[in-house]
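# Structural features, examined
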2 protein chains.
Amino acid sequence: MTEKDDFTLQDFLPYLLNRAAEESSLEFQQHYKNRYGMLRNEWRVLFHLGNYGRMTATEIGQRAKIHKTKISRAVAKLAERRFVVRNRDEQDRRAEHLELTPQGEAAYRDLREQAAIYDCQLASRLSEGESEALRHMLRKLAGIDQ
Amino acid sequence: MTEKDDFTLQDFLPYLLNRAAEESSLEFQQHYKNRYGMLRNEWRVLFHLGNYGRMTATEIGQRAKIHKTKISRAVAKLAERRFVVRNRDEQDRRAEHLELTPQGEAAYRDLREQAAIYDCQLASRLSEGESEALRHMLRKLAGIDQ
DNA sequence: CGGTAATAGTTGATTTTGTAACTAACAAGG
DNA sequence: CCTTGTTAGTTACAAAATCAACTATTACCG
């Protein structure tokens, strides 16, 4: 009874998760936004391609849990700006394989570097060892198998 | 050197935070969306008013870090549906104090109950004691003073 | 006072997202 | 083959977020 009655907003996990996610997203977006004029979904697609290599839009969607319309638009923008090239699969002509151009690779490496730095900054707000525990918990909550 | 070279997307805190936040938001929105036809910002404003009591739009914005245009539109909807009443401050006639109607109170109590239940469900995906550590870390990352 | 700046909140224009419907290509069963 | 169903990706339209400009009121300061 008391357990539910003293439940407050400040303790609500989805609220805290959203606040922390929004805070960090907003801080980090300056890198891909200011330096490359990218939107969040474009950055995510770029990062996935850089991280996992050549794959199709559907595969990105499954891994990143991004809806296919978002990916379609992000890929269109990235292709237009020559960060990504599309290659139609000759076996299955519906699908197309995406991969980074050298220019896309360069942007990816630069942004990954920034991401690593920012990640360290964030982790430094936590105590020793906490950040690994946090990543582990977030993966569980996000339903990422690992 | 190796530290930055083996940095991957799956470990990037903003990415994990966003995935976990999105997952939990989507799951929880069914409650305020299906039962009360509310949007996320409306739910947030309602929850803030229920939790902290009478306050102005600006105060909600500062606490919740929601932009004033979002609050303005959320309050308009909540007032229209008689969940909230607006009272102009007679000392400072620019400001208006917002508070829940009895109907708003009822919705708040119902949703807070659902939130408490959902929060337990989420926490149950973690090990004993982890969830309190998680809340603590998220507050630090979100910049919530406490 | 009178003018300029600041604040509370709203509105409108533009951009981005979400949802559904769509095209094109393949697959499987008769 | 041909119908039906499924999958990859795009497009169209509605909903929502963002950003700037706006009104109304108060505060500051010469």
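Every chain is numbered on its own, with residues counted from 1 as its sequence reads. Chain letters start at A and ligand numbers start at 1, both assigned in the order the entries are written. Where totals are concerned, whole chains, interfaces and linings use all residues; where local detail is concerned, this predicted model gives features only for residues with pLDDT of at least 70, and gives and counts side-chain atom pairs only at 80 or more. Side-chain numbers come from the whole structure's heavy atoms, not from hydrogens or water.

## As for the overall build of chain A
Labels follow the DSSP assignment, with helices taken as runs of H or I lasting at least four residues and strands as runs of E lasting at least two, numbered in each case from the N terminus. Tallying secondary structure elements over chain A gives seven helices and three strands in all. The globule rule puts the C-alpha radius of gyration for 146 residues at 15 Å, and the 18 Å found for chain A is more than 25% above it. Reported as C-alpha extents along the three principal axes, the dimensions of chain A are approximately 65 × 30 × 25 Å. In this scheme, a residue with accessible area under 20% of its type's maximum is buried, one over 50% is exposed, and one in between is partly exposed, where area comes from a 1.4 Å probe on protein chains only. Within chain A, buried positions represent 48% of all 146 residues. Taken as a whole, chain A presents about 7800 Å² of accessible surface, with 47% of it coming from carbon and sulfur. Taken as two groups, the 25 positive and 23 negative side-chain charges of chain A have centres that lie 7 Å from each other. What the globule rule says is 2.2 Å times the number of residues to the power 0.38, and the radius of gyration is computed from C-alpha atoms. In short, Shrake-Rupley with a 1.4 Å probe defines the accessible areas, and a residue's cover is counted only from the protein chains shown. Note that His is not counted, nor are the chain ends; the positive residues are Lys and Arg, and the negative ones are Asp and Glu. To locate a charge, the coordinates of NZ of Lys, CZ of Arg, CG of Asp or CD of Glu are taken.

## Some thoughts on the protein's contact with DNA strand D
Taken together, 20 residues surround DNA strand D, and among them A:Thr58, A:Ser72, A:Arg86, A:Arg94 and B:Lys70 come closest. Of all DNA strand D atoms lying within 4 Å of any protein atom, the proportion belonging to sugar or phosphate reaches 64%. Take A:Thr58: an N or O atom from its side chain is 2.4 Å from a phosphate oxygen of DNA strand D. The separation between a phosphate oxygen of DNA strand D and a polar side-chain atom of A:Ser72 is 2.7 Å. Here a residue counts as near a molecule or strand whenever at least one of its heavy atoms sits within 4 Å of it. For the purposes of these results, a polar contact is taken to be a pair of N or O atoms within 3.5 Å, where, inside protein, one atom must be able to donate a hydrogen and its partner to accept one; residues adjacent in sequence count only when each atom of the pair is a side-chain atom.

## Concerning the side chain of B:Arg19
Summarising the element assignment, B:Arg19 is placed in helix α2 (residues 13–36). Between Lys or Arg on one side and Asp or Glu on the other, a salt bridge is scored when a side-chain nitrogen of the former is within 4 Å of a carboxyl oxygen of the latter. Among buried charged residues, B:Arg19 stands out as having no salt bridge; its nearest opposite-charge side chain is B:Glu23, 6.3 Å away. By definition in these notes, contact holds between two residues if any of their heavy atoms fall within 4.5 Å. In this structure B:Arg19 touches A:Arg63, A:Ala64, A:Lys65, A:Ala142 and A:Ile144, once residues within four positions along its chain are discounted.

## Overview of the protein's contact with DNA strand C
Lining the immediate surroundings of DNA strand C are 21 residues, of which A:Lys70, B:Thr58, B:Ser72, B:Arg86 and B:Arg94 lie closest. When atoms of DNA strand C within 4 Å of the protein are sorted by moiety, sugar and phosphate together comprise 56%. The contact in question runs from a phosphate oxygen of DNA strand C to an N or O atom on the backbone of A:Gln91, over 3.5 Å. Contact between DNA strand C and B:Arg94: a base oxygen at 2.7 Å from a side-chain N or O atom of the residue.

## Brief notes about the pattern of salt bridges
This structure, assessed with the given rule, holds 28 salt bridges over all chains. Where A:Arg125 meets A:Glu27, a salt bridge forms, and the shortest distance between an N and an O atom there is 3.1 Å. Here A:Glu27 lies in helix α2 (residues 13–36) and A:Arg125 lies in the loop between α6 (102–123) and α7 (130–142), a separation of 98 residues in the sequence. According to the relative accessible area criterion, A:Arg125 is partly exposed, its value standing at 32%. Its relative accessible area of 25% is what places A:Glu27 among the partly exposed residues. Of the charged contacts in the structure, one is a salt bridge between A:Lys65 and B:Glu23, with a shortest N-O distance of 3.6 Å. Here A:Lys65, found in the loop between α4 (57–64) and α5 (68–80), pairs with B:Glu23, found in helix α2, and the two come from separate chains.

## Looking at the sheet that holds strand β1 (residues 55–56) of chain B
All names here are of chain B. Note on pairing: DSSP must find at least two bridges between two strands before they are called paired. The strand order β1-β3-β2 describes an open sheet built from three strands, whose pairing is antiparallel. Either end of the sheet is taken by a strand with one partner, and the two such strands are β1 and β2 (84–88). Taken together, the two bridges between β1 and strand β3 (residues 96–100) define a ladder with antiparallel strand orientation. Looking at the pairing, Met 55 lines up with Leu 98 of β3.

## Some details on the relation of the copies chain A and chain B
Take chain A, turn it by 179°, move it 0.0 Å along the axis, and it overlays chain B with an RMSD of 0.1 Å. On the angle and the small slide along the axis, the relation comes out as a two-fold axis. In this assembly, 100% of the residues forming the interface of chain A have copies in chain B that are likewise at the interface, indicating an isologous arrangement. Copies are brought into register by a least-squares superposition over C-alpha atoms of residues with pLDDT of at least 70 in both.

## Thoughts on the side chain of A:Asp89
Here A:Asp89 lies in the loop between β2 (84–88) and β3 (96–100). The buried charged residue A:Asp89 lacks any salt bridge partner; its closest oppositely charged side chain belongs to A:Arg54, at an N-O distance of 6.5 Å.

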